[in-house]
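# Working through the structure, step by step
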Amino acid sequence: MRGARSSTAASVGPFSVAALLVVTVCAALALAAAGRETSRATAAASVRFTSGVAAGEPRSDQVTLWTRLDRAARVELVVARDRRLRRARRTRVVRTSAAHDFTVRVTVRGLAPGTRYWYRFRSGRARSPLGTFRTAPASRKSVTVRFAWTGDFDATPAPGAQRPYWNDFRIFAAMARERNDFNILLGDTIYSDSEVPGALRPIALTVAAKWAKYRRNLEQRPLRQLRASAALFSHWDDHEFVNDFSPFEREFSNGVRIDGRTLYERGVRAFRDYAPVAYSRRLGIYRSVRWGRNLELFFLDERSFRSSKASAGWVCDNPITGEPDLAPTAPPDKRALFAALVPSLAAPVAQRCLETIRSPARTMLGRAQRERFLSDLRRSRARFKVVVNEVPMQQFYALPYDRWEGYEAERRTLVRAIARVPGTVVITTDVHATLVNDVRLRTLEAGGSQPSGVLEVTVGPAATANFGLEIDTAVGRSGAGRLVDDVFFEPAPPAGVGMRCSVIDRFSYGQVTVTGRELRIVPKGEDGRPLREESGRLAARSSCAARSCCRCRGR
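Heads up: these notes are all about the structure in this document.

### Points about the nonpolar core
- Ranked by internal contacts, the top residues of the largest apolar core, which has 52 residues, are L65, F182, I184 and L297.
- Setting aside chain neighbours within four positions, we find F182 in contact with V145, R146, F147, A148, A230, A231, F233, W291, L295 and L297.
- Listed in part, the 46 residues of the second largest apolar core include W66, V242, F252 and L263.

So, in structure tokens, the structure goes:
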């Protein structure tokens, strides 16, 4: 895909900082005769902007703007520093393309740092919604930064229904009300294989089927509202491809059989058509982004280069169930404790399975990305460093194959390296729960607990099955998720994993505030209020002082 573009795309060169901007997207067209131009304008009046607008990948001097029409048409983009777009000037005109599902993407350069802009697309008499974004402040500028993140959302209805099965995406309206500098949609931004009961088939394996999933999600007004309200960083995880995806496998869950590289190319194309995102063949969607003096973000791509899962080839199948063992790395005493609830845990784990999980030959990041990330992290001069991580690094043992626990040697290498960089925290989604804990090097293994001092906060889901429900389903018993939470997640080692906070049955997002002295994270529910655990206690509000983030403390 070298040199390919994910949508009708254009790049606009530098402008004077003082000048207001207007950018027109489409290939240059010669002026037509007056009669032909009139007929074209009439036709353009029936064009519709169907999926809102978005401003992606904001930097201090540029941003990528996005929209979609319902057909091939000419479109122009107006960008200005006032919301009425009064002093804008025009440049060029081009057409959308069915090859990219009529999406448009344009990178606007020459912007002023730390500045709010407004923008709108136009095609004939049709107008897109008004969008706004703020550019990143200069790296020497000490300002307060606010952002939120969540992931895992699916607007699929139940069979025969019209409304989304899980919820109406209201969590995105709550995030929009925060008036953040930017927001992060961190993975599973569609579900190619939906978790809605009875709605699994057909699984979206083609580009066109994945486009349809993105369009369905964007039919939900709160998501369009969030994308128009602030700049956006988009990131994928597995369900943009298929559940527990690795590009080096050919068989996946739910009976999917397809060449992983083929599915990867299709997923990348569809994702880039609908998410204005930075991508390269060498590093995938890894990028680091500086946001003033106090914050730098590091986005890890954990799908493009990962080795096959340890469970591939059936080496981790439990002899009782014939399926991957539910907790292969859990100590024997913990497996025995839960065997009454899950009888398969009484069976021994194959030594080959454990050796594969621990093998240093396996990787999630790939060598080039891992070396680039660790170099960028060590060289960062920001007060706080936030690692934006698709799958959890912390240990909690249940089905580790798709998480960092399933790539244990590389996990330990990264955790040790991150722990040596003061002011670094990790934020995550994927497991459909709010889980706050230290990314321990060792939790229940022989030798006792070994904290790293690195805080990880996992939030979500936004709109799909929560972790508690998934546990209930996996073991076939209502209330099993709550039991696991009470007797395993919450107790401190060696009795359990000692979560600072565990909420496994609520939709959630994380709200982050960064100043020159503190990084503060507050997990929130879909009503925008701080999340509470089952006991009624507020979920951990975690904060770190600039010089002592290795000793972050809940409060």
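Additional details are given in the paragraphs that follow.
### Comments concerning the pairing of strand β3 (residues 49-56)
- Counting buried positions along β3 gives seven out of eight residues, so the element sits mostly inside the fold.
- In terms of strand pairing, β3 meets strand β4 (residues 62-69) through five bridges, oriented antiparallel. Residue pairing in the sheet places G56 in a bridge with T64 of β4.
- Linking β3 back to β4 in an antiparallel pair, the connection comprises five residues, with E57 at a positive phi of about 55°.

### Regarding the packing of helix α2 (residues 170-177) against helix α4 (residues 221-229)
- Two elements in contact, α2 and α4, have axes whose closest approach is 7 Å; the angle formed by their N-to-C orientations is 25°. On the basis of the axis angle, α2 is roughly parallel to α4. Read as a crossing pair, α2 and α4 show a hand that is left-handed. Residues R170, F172, A173, M175 and A176 of α2 touch α4, and the partners they reach there are P222, L223, Q225, L226 and S229.
- Among the residues making up the contact of α2 with α4, the classes are represented as seven nonpolar, two polar and one charged.

### Section: helix α5 (residues 260-274)
- In this model α5 runs 21 Å from its N-terminal to its C-terminal C-alpha over 15 residues, within 8% of the 21 Å that 1.5 Å per residue would give.
- For α5, every residue scored as buried is listed here: G260, L263, Y264, G267, V268, A270, F271, R272, D273 and Y274.
- Taken together, the buried residues of α5 touch β4, β7 (103-109), α3 (207-218), α4 and β13 (231-235).
- Its side-chain oxygen placed 3.2 Å from the backbone nitrogen of R261, D259 serves as the N-cap of α5.

### As for the sheet that holds strand β15 (residues 295-299)
- Sheet architecture is open: seven strands sit in the order β14-β15-β16-β17-β19-β18-β20, paired in mixed fashion. The open sheet has two edge strands, β14 (287-291) and β20 (501-503), and neither has a second partner. Neighbour-to-neighbour, the strand axes of this sheet turn through a mean angle of 20°, independent of strand direction.
- Pairing analysis gives three bridges linking strand β18 (residues 434-438) to β20, with the strands arranged antiparallel. Bridge assignment links T434 to a residue of β20, and that residue is V503.
- Helix α8 (residues 367-379) contacts β14, β15, β16 (384-389) and β17 (424-428) of the sheet and is inclined by roughly 175° relative to β15.

### Topic: the pattern of salt bridges
- For the coordinates displayed, the defined rule picks out 31 salt bridges.
- Salt-bridge contacts for R250 lead to D259; the nearest nitrogen and oxygen are separated by 2.9 Å.
- On the basis of relative accessible area, D259 is assigned to the partly exposed category, the value being 26%.
- Close ionic contact of E265 with R281 constitutes a salt bridge, the shortest N to O distance being 3.0 Å. Of this pair, E265 sits in helix α5 while R281 sits in the loop between α5 and β14, and the two are 16 residues apart along the sequence.

### As for unusual backbone geometry
- Of note, the amide linkage connecting G460 to P461 takes the cis form, showing an omega dihedral of 0°.
- Relative to the elements of secondary structure, P461 occurs in the loop between β19 (455-458) and α10 (467-475).
- In this structure, P494 follows P493 across a cis peptide bond, with omega equal to 10°.
- Mapped onto the secondary structure, P494 falls in the loop between α11 (480-489) and β20.
- A positive phi is found at W314, a non-glycine position, where the angle reads about 70°.
- With respect to the element layout, W314 can be found in the loop between β15 and α6 (332-338).

### Points about the packing of α3 against α5
- For the pair α3 and α5, the least separation of the axes is 9 Å and the interaxial angle reads 35°. When the axes of α3 and α5 are compared, the crossing they make is right-handed. On α5, the residues touching V207, K210, W211, Y214, R215 and L218 of α3 are L263, R266, G267, R269, A270, F271, D273 and Y274.
- Partitioned by chemical class, the residues of the contact of α3 with α5 number eight nonpolar, one polar and five charged.

Thresholds applied
- Residues numbered from 1 in each chain as written.
- Predicted model: local features only at pLDDT ≥ 70, side-chain atom pairs only at ≥ 80, totals over all residues.
- Heavy atoms only, no water.
- Core = buried A, V, L, I, M, F, W, Y, C linked by side-chain atoms within 4.5 Å.
- Buried < 20%, exposed > 50% of the residue type's maximum accessible area, 1.4 Å probe, protein only.
- Contact = heavy atoms within 4.5 Å.
- Helix = DSSP H or I, 4+ residues; strand = E, 2+ residues; numbered from the N terminus.
- Pairing = 2+ DSSP bridges.
- Axes fitted to C-alpha atoms, helices over the stretch in contact; angles between N-to-C directions.
- Parallel < 35°, antiparallel > 145°, perpendicular 65-115°, else oblique.
- Left-handed = near helix turned anticlockwise from the far one by under 90°.
- Nonpolar A, V, L, I, M, F, W, Y, C, P; charged D, E, K, R; others polar.
- Expected span 1.5 Å × (residues − 1).
- Polar contact = N/O pair within 3.5 Å; in protein donor to acceptor, adjacent residues only side chain to side chain.
- Salt bridge = Lys/Arg side-chain N within 4 Å of Asp/Glu carboxyl O.

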